[in-house]
Amino acid sequence: MAHAQKSAKGGAGGGKAAPKKKGPSAAKKVDDDREETLQAVVLADSFETRFNPFTLETPRCLLPLANTPLIEYTLEFLAMSGVADIYIYCGAHTADVERYIQASKWHPSSAASPFNSLEIVKTTARSVGDAMRDLDSRDLITGDFLLVHGDLVSNLPIDAALAAHRARRIADKNAIMTMILRSGGLGTHRTKSMGITPVFVVDPTKSRCLHYEEMNPLQANKYVNIDPELLSDHNELEIRTDLIDCGIDICTPDVLALWAESFDYEVPRRHFLHGVLKDYELNGKTIHTEVVEDHYAARVFNLQSYEAVSKDVLGRWTYPLVPDSNLLAGQSYKFERGGLCKENDVMLARTCKVGKRTVVGKDTSIGDGSVVSNSIIGRRCHIGKNVTIQNAYIWDDVVVGDGSTVDRAIIASEAAVGRNCKIQPGALLSYGVRIADNKEVKESSRITCAKRKADDYSDDETLVTVPTDTAVVGEGGSGYGFDDDSDAEDEATIFHTNLIYSTSHLNISTDSISTISSEVSAASPHEGRSRHSSFGGSIISDDGDGHTSSNENFHHDAVAGLLDALKEGGDFGAARLEFMGLRLGNDATDHQMRRAIAVAFTKRIAQLVEAQKIEASKAAGLAFSSPGAESFLKEVAVGSEKREDDQVDFIVCLQKDLVHRNNGAVILAAVSQKLYQMDVLEEEAFLRWWEESEALGEAEPEEIKRVREKTGVFVEWLREAESEEESESGSEESD
């Protein structure tokens, strides 16, 4: 165990200093001080294989997220929380973690370190449970401590949760643990665990967790088993599936004792939490929850969450934990107008386009004609000419050849992609992999050059080089397809091993998963949602016509991107590219796409009408006259085929958004006329929309009917024009 302690002379920037020994008369004061000194245990090893093949060569906590190692975010959080003493538990790649920490600002030998002491604990543990039992045997913990993982990203202040925990502990010594959970809304959210649904049964009057289960589509029983005694012993219960477990636990030393009592406990929630709650009658210990609505907290616990948290960093939900805070010494990121964040000495060719929500590291060059959007690119990368990169995560020293496309993939350091290659969504290219020219890497491929054991079932730990598979990387390439046999160890593991979550290959439907929610929540989907938090619930459609519009991530980002482009009045080309990348990255439906476009344009037009006092017709003309906007509406919003169903759907999207805006009826009439004049929408679509609305009669909501009233004059004009054409054609035939 490597131990480092800050000298008394230097002091500590965060947390209180360790107490000095005093006389017997002050023994009580010593105990109080020691309890107030906050310690933390960081699990730097996840004891999982979810990040293979990357973690074959690098520990998860040192993988880069927005060009900064994951453990930096965790240690920043602990420093903000006032932690004094830290124990970092390492398993695989211990030497790498130790070298990194010793050279960092966090090591107590550094004048900048906020910690009194920091110890790297080397262990042969094979699970979190083994590590906890080992920690208990070492007698390092003297009072309350935070238990976190080395992949935590959080700007959450824990003062309130810590105070509540300590108050409960003083009132009841059996209150041994407080879990900090985030409210994520009842809808889909990118930071929620895909496939695995955590179910917390809570007594809200005491903030006490009574039962915990995990559900997944593969389990035989689609229901939660609750002890009937819980229903009789507690007047009020909440069964919550909306909570995001960010892996922050405030613990007393009794938690370690419970881990030590059972060797069956291997993981914190599915084993330990479930077991302790189930055996309450035997141990008498209570575990509590602190559910927070604001700030940010999430674990990068698998590849899907890696992408989700990366997007939240790009969206600046994690502030101040963003690239331009320059968390690492030597970083020089600046956040520029338009959402680009780049370091010094980045070389961008004159004709390349680097879009919003993109990070580019030092000494990276991007060639002529290349387009980059919603992506993170590390240092010293060389991106050739006419390259397209979208929703991708490219680490340091990577080369991408001319004419290649990288879409929603991760490319590790020192990898190389040849010319005219196509890296399909979900692909993982590990360290040093080389893809030959003109090669297509299939979806969800995992390619590595790492040495492997000659026999996975042998005790021999000797690593050997695996031959290159040219069928995977092409002639002249380097690497082989990675197949992890350990994936089959746990049936739930299948949901964590890919960058893109999908159940299509399992021949199951997500509709078969039982979900538990309250009648009140179901009836009022918009209540209780945070508009300013990235953890707010999904945007629920008010369509009522069978369309599913709960793709919050796509809708929010797409509307924001289009609205920015309309405000700036520049070329719509970059905005269109970003929009299509978002659509692919979030698997948005055609309806969701049309809805986002409609909301962006109507919102901009309403802003012009209200803020600048411009007439609705002129405001519509200004919005639609942005360079590239007309072709965007024709080709993307409606489609080049101009299907009548799609046109009607777009009109309905415009109508429903304008219900909630001032001057909505006037704006809808002006927008309708303008889109007809531009030949974006056709006469038949308007007439069909109007007739279908009229056919509803009293069933049509009053506010929906009111917003289309002023468009009636335009529709009547279309009818008259149509009848005149018919009469003229009839007279020509009679002649």
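Since we're looking at a predicted model, the values are computed, not measured.

S.K.: For this particular structure, what's the right way to read the overall build of the protein?
M.R.: A tally of helices and strands in the protein yields 22 helices and 38 strands. Taking the contacts inside the protein whose residues are at least 6 apart along the sequence as the reference set, 61% of them involve residues at least 24 apart. Roughly 32,800 Å² of accessible area belongs to the protein as shown, and the carbon and sulfur atoms make up 47% of that amount.

S.K.: Would you mind going over the nonpolar core with me for this structure?
M.R.: Generally speaking, a soluble globular protein has its nonpolar side chains buried in company with each other. The biggest cluster of nonpolar side chains holds 58 residues, and the ones touching the most others in it are Phe579, Ile597, Phe601 and Leu633. The element that contributes the greatest number of residues to this core is helix H15 (residues 590-611), accounting for 11 residues. Leaving out residues up to four positions away in the same chain, Ile597 has contacts with Leu562, Phe579, Phe632, Leu633, Val636, Ala637 and Phe650. Listed in part, the 35 residues of the second largest apolar core include Leu140, Met177, Cys209 and Trp259.

S.K.: In this structure, what is going on with the side chain of Ser332? I would like to understand it.
M.R.: Within the secondary structure, Ser332 is located in the loop between helix H10 (303-314) and strand E16 (334-335). Using a relative accessible area of 16% as the deciding quantity, one classes Ser332 as buried. From its side chain, Ser332 meets the backbone nitrogen of Asn344 in a polar contact 3.2 Å long. In this structure Ser332 touches Asn326, Lys342, Glu343 and Asn344, once residues within four positions along its chain are discounted.

S.K.: Looking at this structure, how should I read the packing of aromatic side chains?
M.R.: Two measures describe an aromatic ring pair: the distance that separates the ring centres and the angle between the ring planes. Scanning the entire structure with this criterion turns up 17 aromatic pairs. Between Phe54 and Trp395 the ring centres are 5.0 Å apart and the planes differ by 50°, which places this aromatic pair in the tilted class. Pair noted here: Phe54 is in the loop between strand E2 (39-43) and strand E3 (64-65) and Trp395 is in the loop between strand E26 (393-394) and strand E27 (399-400), with a separation of 341 residues, a long-range link. When its relative accessible area of 1% is taken as the criterion, Phe54 is described as buried. Classification of Trp395 by relative accessible area gives buried; the value is 4%. Between Trp689 and Trp690, the ring centres sit 5.8 Å apart and the planes meet at 75°, which makes this aromatic pair edge-to-face. Considered together, Trp689 and Trp690 belong to a single accessibility category, that of buried residues. For Arg208, the ring lying beneath its charged end belongs to Tyr280, and the centroid distance is 4.4 Å. The lysine or arginine in question, Arg316, covers the ring of Phe335, its NZ or CZ lying 4.1 Å from the ring centre.

S.K.: Would you mind showing me how to read the packing of helix H18 (residues 644-658) against helix H19 (residues 664-677) here?
M.R.: A pair of packed helices can be characterised by two numbers: the angle between their axes and the separation between those axes. At a closest axis distance of 9 Å, the pairing of H18 and H19 adopts a crossing angle of 155°. When the axis of H18 is compared with that of H19, the two are roughly antiparallel. Judged by the twist between their axes, the crossing of H18 over H19 is right-handed. The segment H18 lies against H19, with Phe650, Leu654, Gln655 and Leu658 engaging Gly664, Ile667, Leu668, Val671 and Leu675. Among the residues forming the contact of H18 with H19, the class breakdown is 7 nonpolar, 2 polar and no charged.

S.K.: Mind showing me how you'd approach empty space enclosed by the protein here?
M.R.: Once rolled over the atoms, a probe with the size of a water molecule shows which space is left empty. Applying the stated criterion across every chain yields a total of 5 cavities of 30 Å³ or more. If you add up the space inside the largest cavity, you get close to 50 Å³. Contributing to the lining of the largest cavity are Val313, Leu314, Arg316, Pro323, Asp324, Phe335, Gly339, Cys341 and Val359. Here the lining of the largest cavity is composed, by residue class, of 6 nonpolar, 1 polar and 2 charged.

S.K.: How do you make sense of the pattern of salt bridges when you look at a structure like this?
M.R.: A side chain with one charge can pair with a side chain of the opposite charge if their charged atoms come near. Within the structure shown, the criterion is met by 36 salt bridges. The closest approach of N and O atoms between Arg357 and Glu578, which form a salt bridge, is 3.4 Å. One end of the pair, Arg357, is in the loop between strand E19 (353-354) and strand E20 (358-360); the other, Glu578, is in helix H14 (residues 573-586), with 221 residues separating them in the sequence. Glu578 sits in the buried class, given a relative accessible area of 4%. A salt bridge links Arg643 to Asp645; its shortest N-O distance comes to 3.7 Å. Here the salt bridges share partners, and the residues they tie into one network are Arg594, Arg643, Glu644, Asp645, Asp646, Asp649, Arg688 and Glu692.

S.K.: Where do I start with the side chain of Asn374 in this structure?
M.R.: Assignment of secondary structure puts Asn374 in the loop between strand E22 (371-373) and strand E23 (376-377). With sequence-adjacent residues up to four places away left out, Asn374 is seen in contact with Leu314, Lys356, Arg357, Thr358, Asn391, Ala392, Glu578 and Leu582.

S.K.: Is there a simple way to explain helix H4 (residues 128-138) in this structure?
M.R.: An α-helical turn contains 3.6 residues, so any two residues separated by three or four positions project in the same direction. When H4 is considered as a whole, its buried residues turn out to be Val128, Gly129, Ala131, Met132, Arg133 and Leu135. Here the buried face of H4 lies against E2, strand E5 (85-90), strand E7 (145-149), helix H7 (253-261) and helix H8 (268-278).

S.K.: Looking at this structure, I do not really get the pairing of E2. What am I missing?
M.R.: For a regular strand, the rule is simple: side chains alternate between the two faces of the sheet. Counting buried positions along E2 gives 5 out of 5 residues, so the element sits mostly inside the fold. Where E2 meets E5, 5 bridges bridge the pair, whose relative direction is parallel. Within the sheet, the bridge partner assigned to Gln39 lies in E5 and is Asp85. Bridging between E2 and E7 involves 5 bridges; their strand directions are parallel. The partner of Leu43 across the bridge, within E7, is His149.

S.K.: Would you mind showing me how to read the environment of Ala79 here?
M.R.: Tracing the backbone through its elements, the reader meets Ala79 in helix H2 (residues 70-80). If we ignore the near neighbours within four places in the chain, the residues touching Ala79 are Trp106, Pro114 and Phe115.

S.K.: Would you mind showing me how to read the sheet that holds strand E30 (residues 416-417) here?
M.R.: Where strands meet in a sheet, backbone hydrogen bonds hold them as pairs that are either parallel or antiparallel. Within the open sheet, the 6 strands sit side by side as E18-E21-E24-E27-E30-E33. Their pairing is parallel. Lying at the two open borders of the sheet, with one neighbouring strand each, are strand E18 (347-348) and strand E33 (434-435). Alignment of E18 against strand E21 (residues 365-366), held across 2 bridges, turns out to be parallel. Within E21, the residue paired with Met347 across the bridge is Ser365.

S.K.: How should I be thinking about the environment of Gly432 in this particular structure?
M.R.: Relative to the assigned elements, Gly432 resides in the loop between strand E32 (428-429) and E33. Note on Gly432: relative accessible area 24%, which makes it partly exposed. A sequence separation of 17 residues divides Gly432 from Ala415, and the C-alpha atoms of the two residues are 4.3 Å apart. Sequence-distant contacts of Gly432, defined by excluding residues within four places in its chain, comprise Ser413, Glu414, Ala415, Cys449 and Ser478.

Rules behind the numbers
- Residues numbered from 1 in each chain as written.
- Predicted model: local features only at pLDDT ≥ 70, side-chain atom pairs only at ≥ 80, totals over all residues.
- Heavy atoms only, no water.
- Helix = DSSP H or I, 4+ residues; strand = E, 2+ residues; numbered from the N terminus.
- Contact = heavy atoms within 4.5 Å.
- Areas by Shrake-Rupley, 256 points an atom, 1.4 Å probe, with all protein chains shown as cover.
- Core = buried A, V, L, I, M, F, W, Y, C linked by side-chain atoms within 4.5 Å.
- Buried < 20%, exposed > 50% of the residue type's maximum accessible area, 1.4 Å probe, protein only.
- Polar contact = N/O pair within 3.5 Å; in protein donor to acceptor, adjacent residues only side chain to side chain.
- Phe/Tyr/Trp six-rings, centres within 6.5 Å; stacked < 30°, edge-to-face > 60°.
- Lys NZ or Arg CZ within 6 Å of the ring centre and 35° of its normal.
- Axes fitted to C-alpha atoms, helices over the stretch in contact; angles between N-to-C directions.
- Parallel < 35°, antiparallel > 145°, perpendicular 65-115°, else oblique.
- Left-handed = near helix turned anticlockwise from the far one by under 90°.
- Nonpolar A, V, L, I, M, F, W, Y, C, P; charged D, E, K, R; others polar.
- 1 Å grid on protein atoms, 1.4 Å probe; cavity = no way out; pocket = protein on both sides within 12 Å on 5 of 7 lines; lining within 4 Å.
- Points joined across faces, edges and corners; volume = space filled by probe spheres on them.
- Salt bridge = Lys/Arg side-chain N within 4 Å of Asp/Glu carboxyl O.
- Pairing = 2+ DSSP bridges.

By themselves these figures say nothing about function.
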